[in-house]
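If you want the building blocks of each chain, they are given just below.
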Amino acid sequence: MKYFRSHILVCKDPDCVHKGAHEVMDALQRELAAEGLINEIQVLETSRIGRCWNGPEMMVYPEGVHYTNLTVDDIPFLVEEHFLKGRIAERFVETEKALVDEELGAPKSKEIRVVLRNCGKIDPENIEEYIAEDGYQALGKALTEMTPAQVIETVLASGLRGRGGAGFPAARKWSFVAARQGPDKFLICNADEGDPGAFMNRRVLESDPHAVLEGMVIAAYSAGIHQGYIYCRAEYPIAVKTLNIAIQQARALGLLGENILGSGFSFDLEVRMGAGAFVCGEETALMASIEGKRGEPRPRPPFPADSGLWGKPSNVNNVETYANVPQIILKGADWYASLGNEKSKGTKTFAIAGDVNNTGLIEVPFGISLREIIFDVCGGIKDNKQFKAIQTGGPMGGCLPASHLDLPMDYESMTAAGSMMGSGGLIVMDEDTCMVDIARFFMEFTQDESCGKCTPCRVGTRRILEILNRICEGKGRPDDLDTLDLLCREIKATSLCGLGQGAPTPVESTLKHFRAEYEAHIYQKKCPAKVCKSLISYEILPETCTGCTVCSRNCPVTAISGERRQAHLIDPEVCVRCGICMQVCNFNAIIVN
Amino acid sequence: MVVEASINERVHLAVEAALDRFGAHDDELIPILSHVNHEIGYLPGQALEEIAHALKKPKSKVFTVASFYGMLSTIPVGKHVIRFCESAPCHVVGGRQVIAALKQALRINPGETSADGQWTLLAVSCLGICAVGPAFIVDDDVYGNVTPDQVSAILQKYQA
């Protein structure tokens, strides 16, 4: 097997091909061969690098450089600059954003990559590259040197907690299923990553699927399970494709299927796709979906270990939980437990979205503070604006203000602060965010995704949403805040599953930390962050306006009038507060009141 | 001379293909529905009937699953379907302006189909590509880092 010092991924999406991607790739391979580099540098096809109309384009790893708008004539220079002289060919670098890899660049300070270690470095469609990075060694060790009980002991000692959000010790769940008799048991991987802002699992599935497969086989071995499913959301077609290829390749090498590595242990699995329902990330709803039903949760007990898929003992874990297992087996429990802090061991991937300079994926040990994550690892707030809040734990999590920035990122601290760890989505918000609007936004999401089975969630979230909508429209009433408090308490206490139980959390946390903003909306009919459309108005400053007419020509509702070279005027009755005029004005003549 | 299969024939063939591929079992219902939805663009009543028949289930049971999942539709859609991410991470990086531009360009609201049957605009939950938000999907094509001024150029690619 060849070891390559660099990988070039050439985009072969229809747009890029239309612009000559085939010819560029051919030129690239010819040039590399001519320079004697073809054995050191691997050229691969890929899709969807990020933008789809700056092609032909390519990504070069390990640097993570994105070259765009390439022609065949550019190739000799590019090869000479980048691969012979070791310099980034600046003139082709994708210029519209400072980042080159939109999601995952080189590790930033304070990162420790366990789950993400191979992402971007290996070809996910080639099992040999995974094996070259110690892949499937852990499986070999587990099957030939350890008993199932020893595997459970090791993973327990490592302190690995479920990474899907609940944080339950992973190996303890396996031990429950291990103790159940009978041949029909199931191992399930929850790849229905639906939290807005979370895309860590997606990246791991697309870039390093074997880490997940290997972890699943080891877990299955420890619990005496022979059949598995990966339930992957339909919005991740590339992940599904990559997984299926990985499964085929693993089977072909005897790493999956009958009598794995000659050990006598058999385990096989298949991918099942979702169909667009956030609630199917809840384990009982997920299992209902695999069974071909509506994704409605059911009460627990009975827990999946007793009665899961088709009523049989089942274990459900998140993608990231499984992806940690091979390294734990290889490097030992002590190594893993040395990362993180007392109760939260190991590392966690996070997907940072929002108003920071470096959005994308990171992996850090537990115990790192929120401040370090935002300002050290992610480069601080964009455009030098002020930090306002960070949402942790997805739509069931809370918003934490600046006063909480020194909290350590771990399970207990997040819960104590009125939020939760969740799956790892972090949304950072700056001073231009309205917290009432954000709470309303999350409630819209949970309302939309509520399965409808239980009244507190189905009706309760709708009532909360109605109140929040009224508040944002300037029709808030004095007793609204008390009603919201009451509704939140009731829905949390009486909902059937985690979706309903967690739905009030964004509202509760913003009421707690940003009550003044709610009060401004209700009592003064003002939106301090100038976001809520009904409470703001756009105004053109007559002394600054040059009458260039750009705004009036772009206004979708023709609310702006004015002669050329005369100050323009916005009609507040017609204006829909879309903000397009302010965006297109070249003279900063438009303000928001 | 090319004879176009009628819509009934197309639906029937799609259902047959799905049943062939997945087998007529209860737990394959969602893959079967997804396959037919992808082929036809939505799930016509005829499809639900034929699937119910093959699975020996009442049509209501099939409908209850078809109407639950966001990526399945029991009502007809336009020639091109735009799925626009309306979740918070896209929202906080300019999603509002992009959806305004889409609504302006298409002259329809989310959930509606244009009068000429060309476009359906749907607001969907997080697509999982938040690092390149605001984002939307047209049919099977993904667009990221979208700004309002790019919207008409993107839509024009599909006017043919």
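The structure under discussion appears in the preceding block.
In this report, we go over the structure that sits alongside the text.

**Points about the overall build of chain A**
Working step 1: Scanning chain A from terminus to terminus reveals 23 helices and 17 strands.
Working step 2: By the compact-globule yardstick of 25 Å for 593 residues, chain A fits well, its C-alpha radius of gyration being 26 Å.
Working step 3: Once the C-alpha set of chain A is aligned to its principal axes, its extents read approximately 80 × 65 × 40 Å.
Working step 4: In chain A, 69% of the contacts between residues at least 6 apart in sequence involve partners at least 24 apart.

**Focus on the pattern of salt bridges**
Side chains carrying opposite charge are able to pair once their charged atoms draw close together.
All names here are of chain A.
Working step 1: Inspection of every chain in the model, using the stated rule, returns 36 salt bridges over all chains.
Working step 2: A salt bridge links Arg 203 to Glu 103; the shortest N-O distance between them is 3.0 Å. Taken together, the positions of Arg 203 in helix H8 (residues 200-207) and Glu 103 in the loop between helix H3 (75-84) and helix H4 (127-132) put the pair 100 residues apart, joining distant regions of the chain.
Working step 3: Exposure remark for Arg 203: the relative accessible area of 8% places this residue in the buried category.
Working step 4: Between Arg 251 and Asp 268 there is a salt bridge, with the nearest N and O atoms lying 3.0 Å from each other. Pair noted here: Arg 251 is in helix H10 (residues 237-252) and Asp 268 is in strand S7 (residues 268-273), with a separation of 17 residues, a long-range link.
Working step 5: Judged by its relative accessible area of 38%, Arg 251 falls in the partly exposed class.
Working step 6: Owing to a relative accessible area of 23%, Asp 268 belongs among the partly exposed residues under this scheme.
Working step 7: Through salt bridges that share partners, Glu 80, Glu 81, Lys 85 and Arg 87 make up one connected network.

**Structural notes on the interface of chain B and chain A**
Working step 1: With 42 residues of chain B at the interface, the matching set in chain A holds 58 residues.
Working step 2: For the pair chain B and chain A, the summed buried surface comes to about 3,900 Å²; carbon and sulfur atoms form 58% of the total.
Working step 3: Viewed at the interface, chain A and chain B are joined by 1 salt bridge.
Working step 4: If you look at where chain B meets chain A, you find 13 residue pairs in polar contact (both at pLDDT 80 or more).
Working step 5: For the side of chain B that touches chain A, the secondary structure elements donating two or more residues are helix H2 (29-40), helix H4 (59-66), helix H5 (88-106) and strand S4 (141-143) of chain B.
Working step 6: A per-element tally of the side of chain B that touches chain A places H5(B) first, with 9 residues.

**Here's the deal with the pairing of strand S11 (residues 387-392) of chain A**
Successive residues of a regular strand alternate their side chains across the two faces of the sheet.
Residue and element names in this part refer to chain A.
Working step 1: Extensive coverage of S11 is indicated by the burial of 6 of its 6 residues.
Working step 2: Pairing between S11 and strand S12 (residues 399-401): 3 bridges, direction antiparallel. Each bridged residue has a counterpart across the sheet, and for Ala 389 the counterpart in S12 is Pro 401.
Working step 3: With antiparallel pairing between neighbouring strands as the criterion, S11 and S12 make up a hairpin whose turn holds 6 residues, including Gly 393 at a positive phi of roughly 85°.

**Some remarks on the environment of Glu490(A)**
Residue and element names in this part refer to chain A.
Working step 1: Along the polypeptide, Glu 490 turns up in helix H18 (residues 480-494).
Working step 2: Residue classification places Glu 490 among the partly exposed positions, given a relative accessible area of 45%.
Working step 3: With 33 residues separating them in the primary sequence, Glu 490 and Cys 457 have C-alpha atoms 9.7 Å apart.

**What to know about the packing of helix H16 (residues 435-449) of chain A against helix H20 (residues 505-513) of chain A**
Each pair of packed helices gets described by two things: the angle between the helix axes and the distance between those axes.
All names here are of chain A.
Working step 1: Look at H16 against H20: their axes get within 8 Å of each other, and the N-to-C directions meet at 170°. Classed by the angle they form, the pair H16 and H20 counts as roughly antiparallel. In this structure, H16 meets H20 at a crossing whose hand is left-handed. Contacts between H16 and H20 pair Met 435, Ala 439, Phe 442 and Met 443 from the former with Pro 506, Val 507 and Thr 510 from the latter.

Each value, and the rule that gives it
Residues numbered from 1 in each chain as written. Chains lettered and ligands numbered in written order. Predicted model: local features only at pLDDT ≥ 70, side-chain atom pairs only at ≥ 80, totals over all residues. Heavy atoms only, no water. Helix = DSSP H or I, 4+ residues; strand = E, 2+ residues; numbered from the N terminus. Rg over C-alpha atoms; globule rule 2.2 N^0.38 Å. Contact = heavy atoms within 4.5 Å. Salt bridge = Lys/Arg side-chain N within 4 Å of Asp/Glu carboxyl O. Buried < 20%, exposed > 50% of the residue type's maximum accessible area, 1.4 Å probe, protein only. Buried area = accessible area lost by both parts, 1.4 Å probe. Polar contact = N/O pair within 3.5 Å; in protein donor to acceptor, adjacent residues only side chain to side chain. Pairing = 2+ DSSP bridges. Axes fitted to C-alpha atoms, helices over the stretch in contact; angles between N-to-C directions. Parallel < 35°, antiparallel > 145°, perpendicular 65-115°, else oblique. Left-handed = near helix turned anticlockwise from the far one by under 90°.

Take it as geometry only, folks, not as evidence of what the structure does.
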